[in-house]
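An overview of the molecular structure
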Amino acid sequence: MLLGFYAISNNILKQSVAMLIMICAYEFLAKNKKVKFVLLTLLAATFHTTAIIAAILMVFSRMIKPSYKNLWICVLVGIVSIFLYNVMGNILGYISILARYQKYFINTSTFSSMLKETIGVAGYAIIYTLITIVVLTKKEKIKEDNPEVYKRIPLLMLGVTTSIFAINNWTINRIALYLYQFVIVILPTLFSLKYTIKGKKIYIFMILLILVTSCSFLTIFAAENEYYQYKTYFNTTPQPY
């Protein structure tokens, strides 16, 4: 709720279905069941073709070791990719199945809207960088207690790279959501580790502070298409015939 996934799901329903399918697909990837992973990816792509890009990033994430060094490399790659924005947009034009998304590389927003969108996407990058840093502080304990969750940490790191790249155009940040959604599995692992009573209170406070702050920030700057606005037959002004 606090990280915005519920609200987003009310706005981009087809992608939300694709995201849920990709959670299941990742489980097969983790078990090295490649055929089932590919089949579920194709199924997800029938709802939203960005699932193909997400699948590629998921495969790549399994090759990355969770570490501060690799996190900063991901951040650096994201910064560099900002300057390759137009080149990557042109490349999409040559890939028939993804060509329809080339239009998203042409930003037609007004200056005020673009400023708000840029702040919102940058906020995603900062929030998930902070969350990843918090998780990395306990990476060895996570690796010992739950190796599979440990291997999911790079998903957040690649999500940060994608968000930084999306500063050029906020719609690209939707690809990062495929990767960020695994935070719902990663964060609870922190609470299952052994702490001193004082240490656990500090961690709980730190994480809740990040969540509440991020919820407020994303609601103000990253609420796509006013996704908190609900209209029904009863609160919609009737249109004259």
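Keep in mind it's a predicted model, so treat the numbers as computed, not measured. (Residues numbered from 1 in each chain as written. Predicted model: local features only at pLDDT ≥ 70, side-chain atom pairs only at ≥ 80, totals over all residues. Heavy atoms only, no water.)

Turning our eyes to something else, we now look at the packing of aromatic side chains. Geometrically, a pair of aromatic rings is defined through the distance of the ring centres and the angle of the planes. Under the definition given, this model contains four aromatic pairs. Ring centres of Tyr-124 and Tyr-180 lie 6.1 Å apart, and the angle between their planes is 5°; on these two criteria the pair is classed as stacked. Of the two residues, Tyr-124 sits in helix α7 (residues 111–136) while Tyr-180 sits in helix α10 (residues 173–180), which places them 56 residues apart along the sequence. Ring centres 3.7 Å apart and planes at 10° place the aromatic pair Tyr-128 and Tyr-180 in the stacked group. Note that Tyr-128 is positioned in helix α7 and Tyr-180 in helix α10, a separation of 52 residues in sequence. Judged by relative accessible area, Tyr-128 falls into the buried class, the value being 0%. Chaining the aromatic ring pairs together yields one cluster made of Tyr-124, Tyr-128 and Tyr-180. (Phe/Tyr/Trp six-rings, centres within 6.5 Å; stacked < 30°, edge-to-face > 60°. Helix = DSSP H or I, 4+ residues; strand = E, 2+ residues; numbered from the N terminus. Buried < 20%, exposed > 50% of the residue type's maximum accessible area, 1.4 Å probe, protein only.)

Here we come to the environment of Leu-76. By secondary structure assignment, the location of Leu-76 is in helix α5 (residues 68–82). A relative accessible area of 52% places Leu-76 in the exposed class. Here the alpha-carbon distance between Leu-76 and Ile-164, two residues 88 residues apart in the chain, equals 9.2 Å.

This part takes up the pattern of salt bridges. Enumeration over the complete set of coordinates arrives at three salt bridges. As a salt-bridge pair, Arg-152 and Glu-27 come within 2.5 Å of each other at their nearest N and O atoms. Linking Arg-152 in helix α9 (residues 147–165) with Glu-27 in helix α2 (residues 13–30), this pair joins segments that are 125 residues apart in sequence. The buried category is assigned to Arg-152, whose relative accessible area is 4%. Salt-bridge contacts for Glu-148 lead to Arg-152; the nearest nitrogen and oxygen are separated by 2.7 Å. Placement of the pair is Glu-148 and Arg-152 together in helix α9, with a separation of four residues, close to one helical turn. (Salt bridge = Lys/Arg side-chain N within 4 Å of Asp/Glu carboxyl O.)

So, on to helix α12 (residues 197–221). Compared with an ideal rise of 1.5 Å per residue, which puts 25 residues at 36 Å, α12 spans 36 Å between its outermost C-alpha atoms and is within 8% of the ideal. Regarding α12, the residues found buried are Gly-199, Tyr-203, Ile-207, Ile-210, Leu-211, Ser-214, Cys-215 and Leu-218. (Expected span 1.5 Å × (residues − 1).)

Relative to the assigned elements, Ser-67 resides in the loop between α4 (50–61) and α5. Reaching out from Ser-67, the side chain makes a polar contact with the backbone nitrogen of Asn-70 at a distance of 3.1 Å. Beyond its immediate stretch of four places on either side in the chain, Ser-67 contacts Leu-136, Lys-139 and Met-157. (Polar contact = N/O pair within 3.5 Å; in protein donor to acceptor, adjacent residues only side chain to side chain. Contact = heavy atoms within 4.5 Å.)

In this section: the side chain of Ser-214. For Ser-214, the position within the fold is in helix α12. Once you skip the residues sitting within four places of it in the chain, Ser-214 turns out to touch Leu-2, Leu-3 and Ile-127.

Our next topic: α5. The first and last C-alpha atoms of α5 sit 22 Å apart over 15 residues, in line with the 21 Å expected at 1.5 Å per residue. Every buried residue belonging to α5 is among Asn-70, Leu-71, Cys-74, Val-75, Gly-78 and Ser-81, and all of these are buried. Buried residues in α5, looked at end-on, bunch into an arc of 150°, giving them a common side. Of the exposed residues in α5, those oriented more than 90 degrees away from the buried face are Lys-69 and Leu-76. (Arc of directions from axis to C-beta.)

Across the interface, α2 lies against α4 with an axial gap of 11 Å and an inter-helix angle of 35°. For the element pair α2 and α4, the recorded crossing hand is right-handed. Seen from α2, the contacting residues are Met-22, Tyr-26 and Leu-29; seen from α4, they are Ala-51, Ala-55, Met-58, Val-59 and Ser-61. (Axes fitted to C-alpha atoms, helices over the stretch in contact; angles between N-to-C directions. Left-handed = near helix turned anticlockwise from the far one by under 90°.)

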